[in-house]
Amino acid sequence: MTTIQTETARRRTFAIISHPDAGKTTLTEKLLLFGGAIQAAGAVRARGEQRRTRSDWMKMERERGISVSASVMTFDYGGHAFNLLDTPGHEDFSEDTYRVLTAVDSAVMVIDAARGIEPQTRKLFEVCRLRDVPIITFINKMDREARDPFELMDEIEQDLALDVTPANWPIGMGRDFQGCYDLMGDRLVLMERTKDKQGDRIAEVKGLEDAQLDRLLGEAPAAELRETAEMARGLCPAFDRQAYRDGTMTPVFFGSALNAFGVQDLLDALGAFAPPPRPLQSDVRMVQPEEDKVSGFVFKIQANMDPKHRDRVAFVRMVSGHFKRGQRLKHVRTGKSLAVSNPVMFLAGDRATTEEAWPGDIIGIPNHGQLSIGDTLTEGEDLRFRGVPSFAPELLQRVRATDPMRAKHLGAALQQLAEEGVARVFKPRFGADWVVGVLGALQFDVLQERISSEYNVPVRFEPAELYTARWVSADSHAELKKFCDANNTAIADDHEGDPVYLARNAWHLDRGQKDWPQIRFTATKDPG
Ligand code: G4P
C-alpha cells in the first residue's frame, strides 16, 4: 500500500451524538485518556474552564451550563488515528452540530441507560440517517439504576427504525453492576470501581456455559447472565458489518463512562468496524480519498477563538490527497489562490501547528473572512462539495445598537457573524434596522452577548413582526429586479448581497408566490 492508502485506512473521523447529560463529556475524556491525549481525568472539563475564562461572551456557557463552541480532538490508539469532532449539545445550537456531522464518517450515540432515547438524540440521529452515517451505540451509566436492557434495545429499534445487535451484555445494573459479557469475543469484561484506572479486568472464558462464570460472578448472577444473554443472542440479528456501514444496523455497547468501563471495547470497535474516510461526491465527479491532489471543504467557521489573535478559523475536512503546510490551495468559489502557511490542528483543545494532514483529518485555517461555510478548496480543479446543509431561519428579530455612537459598527459585526454561519443577517432596503434570523431563541441571547463583548456594540433585539424569510431568485435578472422593485418594502439583502423576501404573515408569502410565478422562493440558501 502507498503511504496515502495506509494513512487513509487508519483514520477514523467521528462525532458523539447525545442528549445533554447523557455523558458525552465524560466519555470524551475517557477516550482521550486511552488515546494518551490527556494525562488525567477531569482535563477536558478543566481545559474547558480555562478556555471559558479567556473569553467574556462564553460567560453564557458557564452560567447556563451549555457548551457553545465545538472543537476537534485528535489521538492515536491501537494503530488508528482518531479525529473526534465535538458537537455542541444544546438544542439551540444544533445548526452547528448538523454541520459538524457532515464532516464525520461515523458516530457514537450515547444514551443514558435510565432515560433511553431523548429528543436531542433523536434529532441528531435523523441528521446521521440523512447521510447514512454508521452509528455505534453506547448505553451509558449502567452503574446506576437503569432500564431493562431488552427494553432499551427495543426502544432503539422501534424509535429509530434501526436493527440493533448487542456487542456485549450487562451483568446486573446499578450497585450490582459487575461488568459485561463480550458477546463477540466470548470474554468477561469486569468493571473495577476505582477512578482513573485504565482498562477493564478481562477474563477469557469458553462461552456462556463455562463454569468459571459461576466462580467469577456468583451463581445467581451467572445464571441470569446465561439466560438473558442467550435470549439476546436469539432475539437479535448477528452483527453484520455491511449493515452497520450502510447505517441500518447499530451494535450496542453497555458501559459506564464515569468508570471508564466499556470504553476500550468501544474504541476497539471503532477501529475494527467504523469506516475510514469515504469517497465524496462533488458536483462534477466522485473524489477518492487516495487521490494525489488535495481537496477539502469548510464545515465550520469559528471567530475569536482566542481573543489575543482576533482571528477566525475555518475548519476544513480533508477529503483527498496529502496536504502539507505552506501548500497553496484554490478557493473554488472565488477562484483565488490561498497559501495555507499556518494551519492548526486541535489536539484536545490546544492549538498546534501541523506539518501535514491526510484524508479524514481536520485542519483549521486562520483567515480574515475569505472562507465561508460550504466552500471547497482544491489544488486547482473546479469542483465543489455540496454536502453542508443550510437551514431556514425560523425566528426573526430586529437588532438595534443601544449606543448611537457605536451604531455604525453594528453592520460589520453582523456581517462577520453571518459569515461565521451563526445567524442569517438581512438589511432591509427600507429602514435603518437589521433583521437577524436564527433557529433557536437562545441564539439571540448569545448574539447579543457576543456583539457587545467582541465588537463592543451594545445591542437590543426586538420582535420584528415578520413571519418568515425566503431567498428569491429567477432565471431572468429583469424579472427578479421587477419583483424586488414592486415589493421593495419587503425586500432585504443578505450578507452576500442576495435578495430576500421578508413576509409579514403566511398570507403575504402566499400572495407573493401566486402573483409572481416566475420567482423562486427558497427557505434556505445553498452555500457557494
Ligand atoms: P454531557 O456532556 O453529555 O452533558 O454529560 P456529562 O459527561 O457532563 O455527564 C453528565 C453527568 O452524568 C455528570 O454528572 C457525569 O459525572 C455523570 N455521568 C457520566 N457518565 C456516567 C456514568 O457512567 N455513571 C454515572 N453514575 N454517572 C455518569 P454531574 O453530577 O452532572 O457532573 P459532575 O459534577 O459529576 O461532573
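Every chain is numbered independently, its residues counted from 1 as its sequence is written. Local features in this predicted model are restricted to residues whose pLDDT is 70 or higher, and side-chain atom pairs enter the listing and the counts only when it is 80 or higher, whereas totals over whole chains, interfaces and linings include all residues.

As annotated in an unreviewed UniProt entry, the chain is Peptide chain release factor 3 from Minwuia thermotolerans.

Another aspect to go through is the overall build of the chain. Think of it this way: any DSSP run of H or I at least four residues long counts as a helix, any run of E at least two long counts as a strand, and we number them from the N terminus. Counting secondary structure elements, the chain contains 15 helices and 31 strands. Exposed residues have 12 or fewer other C-beta atoms within 10 Å of their own C-beta, buried residues have 20 or more, and partly exposed residues fall in between, where C-beta atoms are placed from the backbone. Expressed as a percentage of its 528 residues, the buried residues of the chain come to 46%. Partitioning the contacts of the chain with sequence separation of at least 6, the portion at a separation of at least 24 is 71%. In this description, a residue-residue contact is defined by the distance between C-beta atoms placed from the backbone, which must lie within 7 Å.

Turning to the nonpolar core, a few remarks are in order. Ala107 and Val316 are the most contacted members of the largest nonpolar core, which has 101 residues in total. The element best represented in this core is strand β15 (residues 312-320), accounting for 6 residues. Domains are outlined according to an automatic or database domain assignment. Looking at which domains feed residues into this core, each of domain 1 (14-20 + 87-97 + 106-275) and domain 2 (281-378) gives three or more. Not counting chain neighbours up to four residues away, the residues in contact with alanine 107 comprise Phe14, Ala15, Ile17, Cys128, Val133 and Ile135. Core analysis: the second largest hydrophobic core is formed by 34 residues, Val422, Leu439, Val472 and Ala503 among them. What we call a nonpolar core is a set of buried Ala, Val, Leu, Ile, Met, Phe, Trp, Tyr and Cys residues whose membership is set by joining through C-beta atoms within 7 Å.

Attention now moves to the sheet that holds strand β9 (residues 187-190). The 4 strands lie next to each other as β7-β8-β9-β10, forming an open sheet whose pairing is antiparallel. Sheet topology places β7 (168-171) and β10 (201-204) at the edges, where each strand pairs with a single neighbour. The mean inter-strand angle of the sheet, taken between neighbouring strand axes irrespective of direction, is 25 degrees. Between any two strands, pairing holds if DSSP finds at least two bridges. Across 4 bridges, β9 lies against β10 in antiparallel orientation. Each residue of the ladder has a partner; that of valine 189, found in β10, is isoleucine 202. On top of the sheet, helix α9 (residues 219-235) reaches β7 and β8 (179-182); it is set at about 150 degrees to β7, its chief contact. Whenever a helix is involved, its axis is fitted only over the stretch in contact; in every case the axis is a line through C-alpha atoms, and angles between N-to-C directions fall within 0 to 180 degrees.

Only the C-beta atom, placed from the backbone, is used; a residue is near a molecule or strand if that atom lies within 6 Å of it. Neighbouring the ligand are 17 residues, the closest being Lys24, Thr25, Thr26, Ser256 and Leu258. Among the elements that make up the shell around the ligand, the one with the highest residue count is helix α2 (residues 24-34) (3 residues). Classifying every residue of the shell around the ligand gives 4 nonpolar, 8 polar and 5 charged. Charged means Asp, Glu, Lys or Arg here, nonpolar means Ala, Val, Leu, Ile, Met, Phe, Trp, Tyr, Cys or Pro, and polar covers whatever is left, Gly included.

Turning our eyes to something else, we now look at the domain arrangement of the chain. Examined at the domain level, the chain breaks down into domain 1 (14-20 + 87-97 + 106-275), domain 2 (281-378) and domain 3 (390-525). A separation of 29 Å is found between the C-alpha centroids of domain 2 and domain 3. On the domain 3 side, the residues contacting the 8 residues of domain 2 number 5 residues. Considering each element in turn, the side of domain 2 that touches domain 3 owes the most residues, 3 residues, to strand β14 (residues 295-303). Grouping the amino acids of the side of domain 2 that touches domain 3 by side-chain chemistry returns 3 nonpolar, 4 polar and 1 charged.

With 4 bridges joining them, β8 and β9 adopt antiparallel strand pairing. Looking at the pairing, tyrosine 181 lines up with leucine 188 of β9. What sits between the antiparallel neighbours β8 and β9 is a turn of 4 residues, in which aspartate 186 has the positive phi angle 45 degrees.

Moving on: the packing of α2 against helix α11 (residues 263-273). Where α2 meets α11, the closest approach of the two axes is 10 Å, and the angle between their N-to-C directions is 75 degrees. Looking at the two axes, α2 sits roughly perpendicular to α11. For the pair α2 and α11, contact is made by Leu27, Lys30, Leu31 and Phe34 and by Val263, Gln264 and Leu267, respectively. Each residue belonging to the contact of α2 with α11 can be placed in one class, and the counts come to 5 nonpolar, 1 polar and 1 charged. Working definition: roughly parallel below 35 degrees, roughly antiparallel above 145 degrees, roughly perpendicular at 65 to 115 degrees, and oblique for all remaining angles.

With that out of the way, let us pick up unusual backbone geometry. Trans peptide bonds make up the majority, and among non-glycine residues the majority have a negative phi. One non-glycine residue, aspartate 132, lies in positive phi territory at about 55 degrees. With a phi angle near 45 degrees, aspartate 186 is a residue other than glycine that sits in the positive phi range. Take aspartate 186: it is sitting in the loop between β8 and β9.

Attention now moves to the environment of glutamine 120. The residue glutamine 120 is located in helix α6 (residues 119-130) in this model. With 19 C-beta atoms counted inside 10 Å, the residue glutamine 120 sits in the partly exposed group.

Attention now goes to the sheet that holds strand β6 (residues 163-166). Reading across from one edge, β2-β3-β1-β4-β5-β11-β6 is the order of the 7 strands in this open sheet, with mixed pairing throughout. The sheet terminates laterally at β2 (72-77) and β6, the two strands that pair on one side only. Strand-to-strand twist across the sheet, computed as the mean angle between neighbouring axes with direction ignored, equals 30 degrees. Bridge count for strand β1 (residues 11-18) against strand β3 (residues 80-85) is 5 bridges, and the pairing is parallel. Bridge assignment links threonine 13 to a residue of β3, and that residue is asparagine 83. Across the face of the sheet, α2 comes into contact with β1, β2, β3, β4 (106-112) and β5 (135-140) while running at roughly 155 degrees to β1. Against the sheet, α6 contacts β1, β4 and β5, and its axis sits at roughly 145 degrees relative to β1.

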